[in-house]
Amino acid sequence: MNNYLKPALLALTLLTGNLYAASIDNTDNIDTNELYNEVIAESEETLSYTVLREGWFGGIGIGGHATSFDLDNYTSKQGIASSLKLGYNFTEQWAVHYTRNASWYSAFKDNYISGIMGIGATYYFLPEQETWYTSIVAGLGDYVNLDEETSVTGTAFMGTVGYEFAAHWQAEASLMYTDVEDKKDVTLKTTSLQFTINYSWY
């Protein structure tokens, strides 16, 4: 059911119930207040529904992260975490998607991004909302210096545990690992723990 139709249908149902209750002769052995309450209950039951996860979807998320490095002169950094998903729900519980997650932070007076661009799959434990889900993503990892406009790439993996607490809204905890190598053959490995609040269109 279209979200925009729900308020209109509810108003129409309540109006119908009011008119019907008002049309009943007060001398009849019918409690109009009880009838009105029954109409309300039936209206809410009829119009309550679960938004289905089906077809194409897109999602964005924002939150925070803590990122650690395998280099001696690097310490753990914190900053903003971002998330982007574009994919397709094959069922109400299975989806595949392109995912772009990134950790934004400052180090050595420059601004950096460590991230993943890859293909992932998500499994929801229940077809309804208010359910846990898990995701796994594999693909290209990147390490970007935003000030110098340079980047290096490698491999990356990410695992996610999330909870869809309302239709379209999710809270996620993700562990992202990247392994990149620059032009001097210096390997940089990062591990990011991200927490984001996401919104999905489906």
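Above this text you will find the structure in question.
Now for a look at the structure at hand. It should be emphasised that the depicted structure is a prediction, and the values quoted were computed from it without experimental measurement. (Residues numbered from 1 in each chain as written. Predicted model: local features only at pLDDT ≥ 70, side-chain atom pairs only at ≥ 80, totals over all residues. Heavy atoms only, no water.)

Throughout the structure, instances matching the rule amount to one cavity of 30 Å³ or more. Every residue lining the largest cavity is counted, 17 residues in all, and those nearest its centre are Phe57, Lys85, Tyr124, Gln170 and Ser200. Going through the elements one at a time, β1 (55–69), β2 (77–89), β3 (94–107), β4 (110–124), β7 (169–181) and β8 (187–201) are the ones with two or more residues in the lining of the largest cavity. Class assignment for the residues of the lining of the largest cavity results in six nonpolar, eight polar and three charged. (1 Å grid on protein atoms, 1.4 Å probe; cavity = no way out; pocket = protein on both sides within 12 Å on 5 of 7 lines; lining within 4 Å. Points joined across faces, edges and corners; volume = space filled by probe spheres on them. Helix = DSSP H or I, 4+ residues; strand = E, 2+ residues; numbered from the N terminus. Nonpolar A, V, L, I, M, F, W, Y, C, P; charged D, E, K, R; others polar.)

A few words now on the packing of aromatic side chains. Taken as a whole and judged by the stated rule, the model has 11 aromatic pairs. Arranged with centres 5.1 Å apart and planes meeting at 70°, the rings of tyrosine 88 and phenylalanine 90 form a pair that is edge-to-face. Aromatic side chains tyrosine 123 and phenylalanine 125 sit 5.5 Å apart centroid to centroid with 75° between the ring planes, which places their arrangement in the edge-to-face category. Under the relative-accessibility criterion, tyrosine 123 is labelled partly exposed at 26%. (Phe/Tyr/Trp six-rings, centres within 6.5 Å; stacked < 30°, edge-to-face > 60°. Buried < 20%, exposed > 50% of the residue type's maximum accessible area, 1.4 Å probe, protein only.)

Read these as layout, nothing more, since geometry by itself doesn't imply function.
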